[in-house]
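# Results of the structural survey
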Amino acid sequence: LTIMLTVTAWLTLSAMSSPFVHKKSTTKSDYITVLNARRGQPMPRRYADRITKISGVNDLSYIDIQLLTCAGSGRTATINAIGGDSLRQVLSEEGVAEDVFNNWAEDRLGVIVSESLASSCGWLKGTTVSPRDVKGQPVEIHISGTYPTQGGGGGAYGHYNYFNRISSLAGAEKVLQIYVR
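## Observations concerning the packing of aromatic side chains
What the rule picks out here adds up to four aromatic pairs. Judged by centre distance (5.0 Å) and plane angle (90°), the ring pair of Tyr62 and Tyr160 falls under edge-to-face. Taken together, the positions of Tyr62 in strand E3 (residues 60–69) and Tyr160 in helix H6 (residues 160–167) put the pair 98 residues apart, joining distant regions of the chain. For the residue pair Tyr62 and Tyr160, the accessibility class agrees, reading buried in each case. Both rings, one in Tyr147 and one in Tyr157, keep their centres 5.9 Å apart while their planes meet at 50°; by these two values the pair is tilted.

Here's what the structure looks like:
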């Protein structure tokens, strides 16, 4: 109910302010982020399905997070397990090149890694690696390509359906955040 009210209020405000908007931006700042009212708790993915049916919603994406260890480096890699209908746009805004996105989209085990994370983990484009998850289980991934590290951080993007099925941090068919535009 809280999610529906939030999204409805956002859509109403958007409709009222639209005469004053000169140019629509396509940056991440145009998204609203839906979080569980219980901080840090996951939400059922079906909430995302319900939100897409609301009039005025252009697109939506959602994430779960997977933590993997980089063999030998002592570093933990955060994989944003992403799903939804706006993946091409979201990843493009992160600096992911079209060919890297296409490689990733065709490979359910594919992961797109920031340049800094790839360097510190020793992961190279086109290789298959099996880092361990937080439970110590190996997780097979294919490095689809890299994207420029922005702001000193570095993470990775993987397919929600794959990571949520094999070893979800949030839980089966759960998401941590939903992005609505």
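## Remarks on the sheet that holds strand E8 (residues 156–159)
Reading across from one edge, E1-E10-E3-E4-E8-E5-E7-E6 is the order of the eight strands in this open sheet, with mixed pairing throughout. Two strands in the sheet have a free side with no partner beyond their single neighbour: strand E1 (32–34) and strand E6 (128–129). Note that strand E5 (residues 110–114) and E8 share three bridges and pair antiparallel. From the neighbouring strand, Val113 faces E8, where its bridge partner is Ala156.

## Quick word on the nonpolar core
Core analysis: the biggest nonpolar cluster contains 19 residues, and Val111, Val113, Leu117, Trp123, Ile141 and Phe163 have the highest contact counts within it. Broken down by secondary-structure element, the contributors of at least two residues to this core are strand E4 (76–84), E5, helix H5 (115–121), strand E7 (141–147) and H6.

## Let's talk about the pattern of salt bridges
If you walk through the whole model with that rule in mind, you get four salt bridges. Put simply, Arg45 and Glu173 hold a salt bridge, and the shortest N to O gap is 2.9 Å. Of this pair, Arg45 sits in the loop between strand E2 (43–44) and helix H2 (46–52) while Glu173 sits in the loop between H6 and strand E9 (174–175), and the two are 128 residues apart along the sequence. For Asp59, the salt bridge is made with Arg181, and the minimal N-O distance between the two is 2.7 Å. Taken together, the residues span a long stretch of sequence, with Asp59 in the loop between H2 and E3 and Arg181 in the segment after strand E10 (177–180) at a distance of 122 residues. Across this residue pair, the class does not change: Asp59 and Arg181 are buried. What emerges from the salt-bridge pattern is a single network uniting Arg45, Asp49 and Glu173.

Thresholds, definitions, all that
Residue numbers run consecutively from 1 along every chain, following the written order of its sequence. Reporting of local features is limited, given that this is a predicted model, to residues whose pLDDT is at least 70; pairs of side-chain atoms are given and counted only at 80 or more, and all residues count toward the totals for whole chains, interfaces and linings. For the side-chain quantities, the full set of heavy atoms in the structure was used; hydrogens and water were omitted. The aromatic pairing rule takes the rings of Phe, Tyr and Trp, using the six-membered ring of Trp, and pairs them if the centres are within 6.5 Å, calling planes under 30 degrees apart stacked, those over 60 edge-to-face and the rest tilted. For the purposes of this entry, the term helix denotes a DSSP run of H or I that reaches at least four residues, the term strand denotes a run of E that reaches at least two, and both are numbered from the N terminus. Relative accessibility under 20% of the residue-type maximum defines a buried residue, over 50% an exposed one, and the middle range a partly exposed one, all with a 1.4 Å probe and only protein chains included. Strands are treated as partners if at least two bridges between them are detected by DSSP. To qualify as a nonpolar core, a set must consist of buried Ala, Val, Leu, Ile, Met, Phe, Trp, Tyr and Cys residues joined through side-chain atoms within 4.5 Å. We define a salt bridge as a side-chain nitrogen of Lys or Arg found within 4 Å of a carboxyl oxygen belonging to Asp or Glu.

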